[in-house]
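Notes for the structure review
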Amino acid sequence: MTFLEEFNPKHLTLTVESPTFWRVTFNNPPINVIGLEMMGDLKALLTELESNKTVNVVVFDSADPDFYIAHYDVTVDNDLAEALPKATDYSAWVDITVRISKLDAVTIAAIRGITRGAGSELVLAMDMRFASLEKAKLAQVEIALNAVTGGGASGRLPSLVGRGRTMEILLGAEDFDGALAEKYGYVNRALPDAELDEFVARFARRVSGWDHQAIVEVKEFINKYTRLPDAEYPLHSDAYWAAVSNPEVGATVGRLLEKGMQERGPLEYDLATEIAVIAQQR
């Protein structure tokens, strides 16, 4: 059986737009958190793409117009996550972000809705990001949990937005709407929501028509000058897990869950604001 016949993801939908253009749609209700099964789905997809010499472009979008990827599932058993198959010696999440950043295929995030924390880290590991002007919100909120970003945002943002704006994003832990994200370079472009899908599809189809080896070589040169060595990223993950193992952080996460974290409600829609309030409660 071929990969397409065998692949049976729980929280992704894979659509073959053409032999050279694939679309991956996140679908993990109620708010598209990155959980154990979604990580397993992504790892299986990456394993195929790492050896695939036909697919030139993969677009990642969401079935939920309000949540692209809310964040990492804070209830995931980390031991189970680390037991998932992986192609590197890195932690489960870093394994995914590093591998997606190194694919031969061009990866494009079509961001409609909220993407914070690990969701933001995932799109930063992709090659390009296009966002809905009205509906996109991006943020890194880990500082509210006394932690650094574990999936490499602090290593990827500086080449996109510069040092000072990286400080603003990571230390401010506030939401960036589509317009401001575009202005800073957090995303390539922010387009009116009604135009986002057509623009991304047109662009993806155009790029998917180029010679595969030419795409590979262009990416190799760009990556050479803009990407940190892979070995840097486990340092971020180690620092993150060391920080969140503090009982105080566990207490904060507990309060967030009590108030509706990972449920479709006011807390998640305004998490960047509410997490600061809740985290500072003692």
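Coordinates for the structure precede this section.
Residues numbered from 1 in each chain as written. Predicted model: local features only at pLDDT ≥ 70, side-chain atom pairs only at ≥ 80, totals over all residues. Heavy atoms only, no water.

In this section: helix α12 (residues 247-258). The first and last C-alpha atoms of α12 sit 17 Å apart over 12 residues, in line with the 16 Å expected at 1.5 Å per residue. Within the sequence span of α12, burial applies to Val249, Thr252, Val253 and Leu256. Down the axis, α12 shows its buried residues gathered within 100° of arc, on one side only. In α12, the exposed residues that point more than 90 degrees away from the buried face are Pro247 and Glu258. The inward-facing, buried residues of α12 abut α11 (233-244), α13 (266-269) and α14 (271-279). Its side-chain oxygen placed 2.8 Å from the backbone nitrogen of Glu248, Asn246 serves as the N-cap of α12. Trailing α12 by a residue or two, Gly260 shows a phi angle of about 115°, which is positive. (Helix = DSSP H or I, 4+ residues; strand = E, 2+ residues; numbered from the N terminus. Expected span 1.5 Å × (residues − 1). Buried < 20%, exposed > 50% of the residue type's maximum accessible area, 1.4 Å probe, protein only. Arc of directions from axis to C-beta. Contact = heavy atoms within 4.5 Å. Polar contact = N/O pair within 3.5 Å; in protein donor to acceptor, adjacent residues only side chain to side chain.)

Below, the discussion takes up the nonpolar core. By size, the foremost hydrophobic cluster in this structure holds 49 residues, and its most contacted members are Phe26, Met39, Phe60, Tyr68, Ile111 and Tyr186. When residues of this core are assigned to their parent elements, the largest contribution, six residues, is made by helix α2 (residues 36-51). Apart from the residues lying within four places of it in its own chain, the contact partners of Ile111 are Tyr68, Val123, Arg129, Phe130, Ala131, Ser132, Ala136, Leu138, Val187 and Leu196. The next biggest cluster of nonpolar side chains, apart from the first, holds 18 residues, and it includes Ala139, Ala243, Val253 and Ala279. (Core = buried A, V, L, I, M, F, W, Y, C linked by side-chain atoms within 4.5 Å.)

The strand order β4-β6-β8-β9 describes an open sheet built from four strands, whose pairing is mixed. Two strands in the sheet have a free side with no partner beyond their single neighbour: β4 (67-69) and β9 (176-177). Where strand β6 (residues 114-116) meets strand β8 (residues 137-139), three bridges bridge the pair, whose relative direction is parallel. When the sheet's bridge partners are listed, Arg116 is paired in β8 with Ala139. Sitting on the sheet, helix α5 (residues 118-125) is in contact with β4, β6 and β8, with an inclination near 90° to β6. (Pairing = 2+ DSSP bridges. Axes fitted to C-alpha atoms, helices over the stretch in contact; angles between N-to-C directions.)

Further remarks concern the pairing of strand β1 (residues 12-18). When a strand is regular, its side chains alternate between the sheet's two faces. Where β1 and strand β2 (residues 21-26) come together, six bridges link them in antiparallel fashion. Within β2, the residue paired with Leu14 across the bridge is Val24. With antiparallel pairing between neighbouring strands as the criterion, β1 and β2 make up a hairpin whose turn holds two residues.

Next up on the list: the packing of aromatic side chains. This structure, assessed with the given rule, holds 12 aromatic pairs. Ring centres of Phe176 and Tyr186 lie 5.9 Å apart, and the angle between their planes is 65°; this geometry places the pair in the edge-to-face category. Separated by 10 residues along the polypeptide, Phe176 in strand β9 and Tyr186 in the loop between α8 (178-184) and β10 (189-191) bring together distant segments of the chain. Take Tyr186: its relative accessible area is 0%, and that puts it in the buried class. Ring-pair connections join several aromatic residues into one group, and the members of that group are Phe3, Phe7 and Trp22. Directly above the ring of Tyr233 sits Arg156, whose terminal nitrogen or CZ lies 4.1 Å from the centroid. (Phe/Tyr/Trp six-rings, centres within 6.5 Å; stacked < 30°, edge-to-face > 60°. Lys NZ or Arg CZ within 6 Å of the ring centre and 35° of its normal.)

Attention now goes to the pattern of salt bridges. Tallied over the full model, the rule gives 15 salt bridges. Linking Arg23 and Glu17 is a salt bridge whose minimum nitrogen-to-oxygen distance equals 2.9 Å. Judged by its relative accessible area of 15%, Arg23 falls in the buried class. Overall, the relative accessible area of 39% leaves Glu17 in the partly exposed class. Between Asp104 and Lys53 there is a salt bridge whose closest N-O contact spans 3.3 Å. Highlighted residues: Asp104 in the loop between α4 (92-101) and β5 (106-111) and Lys53 in the loop between α2 and β3 (57-62), separated in sequence by 51 residues. Exposure remark for Lys53: the relative accessible area of 53% places this residue in the exposed category. (Salt bridge = Lys/Arg side-chain N within 4 Å of Asp/Glu carboxyl O.)

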